[in-house]
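A structural walkthrough
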Amino acid sequence: MSMQFVHLRLHSEYSIIDGLVRIPALMKQASELHMPAVALTDFSNLFALVKFYRAAIAHGLKPIIGADVLVVDKVQQERYRIALLCMDNVGYKNLTALLTRAYLHGQQGGQPTVNREWIDELNEGLLVLSGGREGDVGKLIAKQDTVRIDQCIQRWKQHFDERFYIELQRTGRDNEENYNQVALEIAAKHALPVVATNDVRFLTSDEYEAHEVRVCINQGRVLSDPRRARIYSEQQYLRPAQEMVELYSDVPSAVSNTVEIAKRCNVRLEFGKNVLPEFPTGELTTDEFLRDQSKQGLSDRLATIQSIRGEVEVAVYEERLNVELDVIERMGYSGYFLIVSDFTKWARGNGVPVGPGRGSGAGSLVAYVLGITDIDPLQYDLLFERFLNPERVSMPDFDIDFCMAGRDRVIDYVATRYGREKVSQIITYGTMAAKA
């Protein structure tokens, strides 16, 4: 029986500059090749994380979460690449923290970089692949700087102990074999484990030319440009396990260690659980507070309606309000309505124009009496069930239009009141799709 192999370095299409792998196709091929696990290590991002994790689980594969990061050593004034893999949820949080710092505080030449000191500080739960020729060890091998190689290894061992692996690659690129030979000697000298990676950029070798087109788009060059550096090879595809076993038949531990690393990486992500900030309600429960606010709001709204339209059927409004409140309470969204009402009222009270309401949320009487919307749903026969329905459990989503000039003030208010660690904005991730 052939030894199993796990790919631990792989860039998807979310590594826009040098990745071609699409998640659904990756999972289909990895499953067909009977791979037990696969890693995703996009360059300086976790954009594909949720899509990758869910797809891997659905195909019976173990997802290994990581990222290739560009590291800056301020002491040596050098930049190099390594791969960080998450061993557990602590490591996942530390990786997200490192990447956030890279984008906020480490931008260099348009690229997010990580300071080496940050990695030493946030090393818990993370495992390091040395980066092959592009890592600090690899670059020192190219310079034949044995003194600094020893110093470099000692620093990695100091902070990562048994979580640092010397990476070997055989993809037909320049100087790989020379690097591998010296890397094996260094690993033996310092009692370090080695691991084989194929630095995957596409699924099959015939996709190499398409990948080169993407690289040229990023570099602003044409395929035929003789000055263009060829830094990738057609061998950087998702090789089957048997091919990798044969390729490293002389270093079997480099293959078996991929499986050992896969066993060490056990991040568990939970989806479908809504985590909302607590709305302050004093001695009342959230449900009781919402009912109290809604009844007071209905009284105020009815007084206004009666002054404009004359007599109204109060009982109809009260019945509709109770029906909506029952659904909201049963689905656990009382706090959500109170929070949205809070920042909507704040905006109106602080000179930020707010739209009257649109979308399915305008069909909620509770939203109307809480001041979230300014549309009477009963007057226009709008249905609450389009917004919130116990038969279709999903998080409610109010579409609220704030004036562009004051939107940042509203966001800042929400973050200040409920805690910046509990407030985030929605992002759209770009890939180089056909329309792009």
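Everything below is about the structure printed above this text.
Residues numbered from 1 in each chain as written. Predicted model: local features only at pLDDT ≥ 70, side-chain atom pairs only at ≥ 80, totals over all residues. Heavy atoms only, no water.

Within the protein, the regular secondary structure consists of 15 helices and 9 strands. Relative to the compact-globule value of 22 Å for 436 residues, the protein shows a C-alpha radius of gyration of 28 Å, a clear excess of over 25%. By its C-alpha atoms, the protein is 90 × 45 × 45 Å across when sized along the principal axes. Buried residues in the protein amount to 50% of all 436 residues. Contacts in the protein between residues far apart in sequence, at least 24 positions, make up 75% of those at least 6 positions apart. Charge separation in the protein, taken as the distance between the mean sites of 50 positive and 60 negative side-chain charges, equals 4 Å. (Helix = DSSP H or I, 4+ residues; strand = E, 2+ residues; numbered from the N terminus. Rg over C-alpha atoms; globule rule 2.2 N^0.38 Å. Buried < 20%, exposed > 50% of the residue type's maximum accessible area, 1.4 Å probe, protein only. Contact = heavy atoms within 4.5 Å. Lys, Arg positive; Asp, Glu negative; His and termini not counted. Charge placed at Lys NZ, Arg CZ, Asp CG, Glu CD.)

Attention now goes to the packing of aromatic side chains. Summed over the entire model, instances satisfying the criterion amount to 13 aromatic pairs. Summarising the aromatic geometry, the rings of Phe47 and Tyr429 are spaced 4.5 Å apart at their centres and angled 20 degrees between planes, so their arrangement reads as stacked. Of this pair, Phe47 sits in the loop between β1 (37–40) and α2 (49–58) while Tyr429 is found in the segment after α15 (407–418), placing the two residues 382 residues apart along the sequence. Seen in terms of ring centroids, Phe279 and Phe289 are 5.9 Å apart; in terms of plane orientation they differ by 45 degrees. Their pairing is tilted. Of this pair, Phe279 sits in the loop between α10 (252–264) and α11 (286–309) while Phe289 sits in helix α11, and the two are 10 residues apart along the sequence. Of the two residues, Phe279 and Phe289, neither departs from the other in class, the shared state being buried. Connected via pairs of aromatic rings, a cluster forms that spans Tyr336, Phe337, Phe387 and Phe398. For the cation-ring pair, Arg81 lies above Phe43, with the distance from its terminal atom to the ring centre recorded as 4.3 Å. (Phe/Tyr/Trp six-rings, centres within 6.5 Å; stacked < 30°, edge-to-face > 60°. Lys NZ or Arg CZ within 6 Å of the ring centre and 35° of its normal.)

This paragraph deals with the pairing of strand β3 (residues 78–86). The buried count for β3 comes to 8 of 9 residues, which makes it a mostly enclosed element. Here strand β2 (residues 62–73) pairs with β3 via 8 bridges, running antiparallel. The partner of Val72 across the bridge, within β3, is Arg79. Between the end of β2 and the start of β3, which pair antiparallel, lie 4 residues, with Gln77 showing a positive phi angle near 55 degrees. Where β3 and strand β7 (residues 126–129) come together, 4 bridges link them in antiparallel fashion. When the bridges of β7 are listed, Leu84 appears paired with Val128. (Pairing = 2+ DSSP bridges.)

With that settled, consider the pattern of salt bridges. Tallied over the entire structure, the rule returns 34 salt bridges. Between Asp18 and Arg201 there is a salt bridge, with its nearest N and O atoms 3.5 Å apart. Of this pair, Asp18 sits in the segment before α1 (23–32) while Arg201 sits in the loop between β9 (194–196) and α8 (208–219), and the two are 183 residues apart along the sequence. For Asp18, a relative accessible area of 0% corresponds to the buried category. For Arg201, a relative accessible area of 1% translates into the label buried. Here Arg301 and Asp374 are joined by a salt bridge, their closest N and O atoms 2.9 Å apart. With a gap of 73 residues between them, Arg301 in helix α11 and Asp374 in the loop between α14 (365–369) and α15 connect regions that are remote in the sequence. (Salt bridge = Lys/Arg side-chain N within 4 Å of Asp/Glu carboxyl O.)

Bringing the packing of α1 against α2 into the picture now. The N-to-C vectors of α1 and α2 enclose an angle of 30 degrees; their axes lie 10 Å apart at closest approach. Our classification of the angle between α1 and α2 gives roughly parallel. Once α1 is placed against α2, the crossing between them reads as right-handed. Residues Ile23, Pro24, Leu26 and Met27 of α1 pack against Lys51, Phe52, Ala55 and Ala56 of α2. Of the residues contributing to the contact of α1 with α2, the split by class is 7 nonpolar, no polar and 1 charged. (Axes fitted to C-alpha atoms, helices over the stretch in contact; angles between N-to-C directions. Parallel < 35°, antiparallel > 145°, perpendicular 65-115°, else oblique. Left-handed = near helix turned anticlockwise from the far one by under 90°. Nonpolar A, V, L, I, M, F, W, Y, C, P; charged D, E, K, R; others polar.)

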